[in-house]
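# Structural characterization, general
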Amino acid sequence: MSELHHECGVAAIYHLPGQPGSELCPGGDPEQTSNLIPRMLLDMQNRGQLSAGISRFHPTPENGQLIDTYREIGSVQEVFRLSHTAKAASLMKKYSGPAAIGHVRYATCGKDDRSYAQPFEIHHFNRRQWFTFGFNGQLANYTELAEDILSEQDNHLVRETDTEILMHVISQQLERQESNCLVEMMRAVAKRLDGAYSLALLTAKGEMLIARDPLGIKPMCYAVQGPMFAAASESVALLNLGFKRSEIKSLKPGHAITITEGQIEFHQFVDNPGQAHCFFEWIYFANVASTLDDKGVYTTRTRLGKELADQELVSDLIEIDEDTIVVPVPDTSKAAADSMAFNLKVPSREGLIRNRYSGRTFIESSQKTRAQRAKIKYTPLREVLEGKRVILVEDSIVRSTTMKALLRRIKEEGGAKEIHVRVACPPIVAPCYYGIDMSTISQLFAPNFYPPGELLTDEIQDEMAAKLGCDSLRYLPIESVARAIDLPQDGLCQACINCEYPTPTGKKLYQIDLDNFKNGNGLSDGRAFDVGKPHAGSV
């Protein structure tokens, strides 16, 4: 659903020194390795369209900058001037090198401030402490970490983002420890963090670190082919560079990859790491062409569609006849919608055309503006919808603003006879403290009808349908998610649908917000009391 805040995308590329140029490099030239970063980021543009950036390492730079960083507000196309061949070539020549990291970002605050764009670089005269990094995730214990940093009188924080917090935590550890070991740094830093993160870090010594949080909440993939190493938040970015499918793997939770002195090494930096992969990666966030933790995104979404069909076949809510069609809400619902239609033996039609240049509804600051933008986000096709019984398939409903506006347009402009909403996800009843923009219970649609901990009944869903303005509404049950992804329930983070948080700070923040919600402390316009998370975020 477009009301969800996308995550970020992290990319890294490294041509090992002293080896012949890889065929994956532009022109086979190792010094042009960094030119691959924009290509990787384009494949992860779905994860963030607000800003993009690159940091490259060069051992003998003309400008003296061992690490040089470029970041700007805009899409990858805009930031790297990809529509202008000469400008793009000039830019990438300036930031050429055998190693680089890149980042795409989305956030709800600080959105027009270039200083929030990543990668973040911190200069230092000591090459070991001069580094740059990109970060996907969110630190649930942001407030405690910020207070700890500010407890020292001379310390100061510039931005309300956990990316800056993480930058200072890493910097502090590199300054304190005697060794140059990046894994030792990561092991110490991880003990201070509560939350979700995958990161790529590059030092002025030409060392690289790729790390994934101890529960694997955020994804991270990597591949090695001869002298070429690459890592990215999604497998599709590596596949389209030319790595073979067999070479692309998911980094295990609590593990890190280092490149030091031209050697690639794998390390476990957390004892007994668990698994709590964010289920929303497969349902919504990830590129449909990606494979995460050996589970295909497209396959998962088609299974969710079959789950919807199976549920429909034992229901008597809809009379399925020649006037019945399935319509996906573009684009992430299409695989589920097609699968549902196939199993119901009815047509799947594109009754909604998405205007890709209208912007994102969830970055608006007010519900009113968000609703106005939702009206122009999709164009209903009357020739497809008129007189039809429409089964509208959506991947999730968060605040409901977009869905309400969309239903009105399908009925009034599309001329649909009936609209039955089917959601390929259980109701979202709790906030996320690990990188998704649904920060309080009172912001969400479902808890007003379906309080956390209660049983979801047909009567509750009928009440929700009446509020939305559709003829019926049905969600998938929680057990459908694990079946579709083909992972055990205890291997997934499903806190936003089952209120079971995988980290101590997550549990603490949820209890605070739940108490506020029960005591009526949420605000009537959809806002609620802050419970200590960074508004600008790193995601």
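Residues numbered from 1 in each chain as written. Predicted model: local features only at pLDDT ≥ 70, side-chain atom pairs only at ≥ 80, totals over all residues. Heavy atoms only, no water.

Take the packing of aromatic side chains next. Going through the model one piece at a time under the given rule, you end up with 11 aromatic pairs. Taking the centre distance of 6.2 Å and the plane angle of 40° together, the rings of Phe131 and Phe133 count as tilted. As far as burial versus exposure is concerned, Phe131 and Phe133 are alike and both buried. Seen from their ring centres, Phe279 and Phe280 are 4.8 Å apart, and the 35° between their planes marks the pair as tilted. Of the two residues, Phe279 and Phe280, neither departs from the other in class, the shared state being buried. (Phe/Tyr/Trp six-rings, centres within 6.5 Å; stacked < 30°, edge-to-face > 60°. Buried < 20%, exposed > 50% of the residue type's maximum accessible area, 1.4 Å probe, protein only.)

Before going further, it helps to spend a moment on the confidence of the model for the chain. The pLDDT averaged across the chain works out to 90; a share of 91% of its residues lies at or above 70. Confidence drops under pLDDT 50 across residues 359–366; counting only partners more than four residues distant or on other chains, this segment forms 32 contacts. Throughout residues 522–538 the model reports pLDDT below 50, and contacts reaching past four residues in sequence, or to other chains, amount to 58 contacts. (pLDDT = per-residue confidence, 0-100. Contact = heavy atoms within 4.5 Å.)

Before going further, it helps to examine the pairing of strand S17 (residues 324–328). Summarising burial for S17: 5 of the 5 residues are buried, a large majority. Strand direction decides the pairing type here: S17 and strand S20 (residues 389–394), joined by 5 bridges, are parallel. Across the sheet, the residue bridging to Ile325 is Val390, located in S20. (Helix = DSSP H or I, 4+ residues; strand = E, 2+ residues; numbered from the N terminus. Pairing = 2+ DSSP bridges.)

Bringing the nonpolar core into the picture now. Ranked by size, the top nonpolar core spans 115 residues in total, and within it Met40, Phe80, Phe279, Phe280, Leu392 and Leu473 carry the most contacts. If near-sequence neighbours (up to four positions away) are discounted, Phe80 is found in contact with Pro38, Leu41, Ala52, Gly53, Ile54, Tyr70, Ala88, Leu91 and Met92. (Core = buried A, V, L, I, M, F, W, Y, C linked by side-chain atoms within 4.5 Å.)

With that settled, the discussion passes to the pairing of strand S10 (residues 228–232). Extensive coverage of S10 is indicated by the burial of 5 of its 5 residues. Taking every second residue as pointing to the same face, both faces of S10 are buried, with Met228, Ala230 and Ala232 on one and Phe229 and Ala231 on the other. In the sheet, strand S1 (residues 9–15) pairs with S10 via 5 bridges, with the strands oriented antiparallel. Among the inter-strand pairings, Ile13 is bridged to a residue of S10, identified as Ala230. Counting the residues between successive antiparallel strands, the hairpin from strand S9 (residues 221–225) to S10 contains 2 residues, one of them, Gly226, with a positive phi of roughly 60°.

Moving on to the packing of helix H4 (residues 142–150) against helix H5 (residues 162–176). Remark: H4 packs on H5, axes separated minimally by 10 Å, with the N-to-C direction vectors making an angle of 50°. Between H4 and H5, the crossing angle belongs to the class labelled oblique. For the crossing formed where H4 meets H5, the hand is left-handed. Between H4 and H5, the contacting residues are Tyr142, Leu145, Ala146 and Ile149 on the first element and Asp162, Ile165, His168, Val169 and Gln172 on the second. (Axes fitted to C-alpha atoms, helices over the stretch in contact; angles between N-to-C directions. Parallel < 35°, antiparallel > 145°, perpendicular 65-115°, else oblique. Left-handed = near helix turned anticlockwise from the far one by under 90°.)

A few words on the state of the cysteines. Under the criterion given, the structure shown has 0 disulfides. You can see Cys432 has no disulfide; the closest cysteine sulfur is in Cys278, sitting 6.4 Å from it. By relative accessible area, Cys432 is classed as buried at 9%. Unpaired in this structure, Cys496 has its nearest cysteine sulfur neighbour in Cys425, at a distance of 6.4 Å. (Disulfide = S-S within 2.5 Å.)

With that out of the way, let us pick up the environment of Leu24. With respect to the helices and strands, the residue Leu24 is situated in the loop between S1 and helix H1 (36–42). When its relative accessible area of 10% is taken as the criterion, Leu24 is described as buried. In sequence terms Leu24 and Cys493 are 469 residues apart; their C-alpha atoms lie 36 Å from each other. With near-sequence residues (within four places) excluded, Leu24 lies in contact with Leu36, Gln225, Met228, Leu241, Gly242 and Phe243.

As a further point, take the sheet that holds strand S2 (residues 51–57). Reading across from one edge, S3-S2-S4-S1-S10-S9-S11 is the order of the 7 strands in this open sheet, with antiparallel pairing throughout. Of all strands in the sheet, those bounded by a partner on one side alone are strand S3 (67–73) and strand S11 (248–250). Within this sheet the neighbouring strands show an average axis-to-axis angle of 15°, counted without direction.

For the coordinates displayed, the defined rule picks out 21 salt bridges. Its salt-bridge partner being Asp331, residue Arg354 comes within 3.2 Å of it at the nearest N-O pair. Pair noted here: Arg354 is in strand S18 (residues 352–354) and Asp331 is in the loop between S17 and helix H10 (334–344), with a separation of 23 residues, a long-range link. Residue Glu418 pairs with Arg389 through a salt bridge whose shortest N-O separation is 3.0 Å. Of the two residues, Glu418 is situated in strand S21 (residues 418–423) and Arg389 in strand S20; the sequence distance between them amounts to 29 residues. In this structure, a network of salt bridges that share partners links the residues Arg47, Glu234 and Glu281. (Salt bridge = Lys/Arg side-chain N within 4 Å of Asp/Glu carboxyl O.)

Turning our eyes to something else, we now look at helix H6 (residues 182–190). Structural remark: α-helix, 3.6 residues per turn; residues separated by three or four positions point the same way. Those residues of H6 that sit buried are Leu182, Val183, Met185, Met186, Val189 and Ala190. Projected down its long axis, H6 shows its buried positions confined to an angular sector of 155°, all on one face. Contacts from the buried residues of H6 go to H5, strand S7 (195–203), strand S8 (208–212), strand S12 (255–260) and strand S13 (263–268). (Arc of directions from axis to C-beta.)

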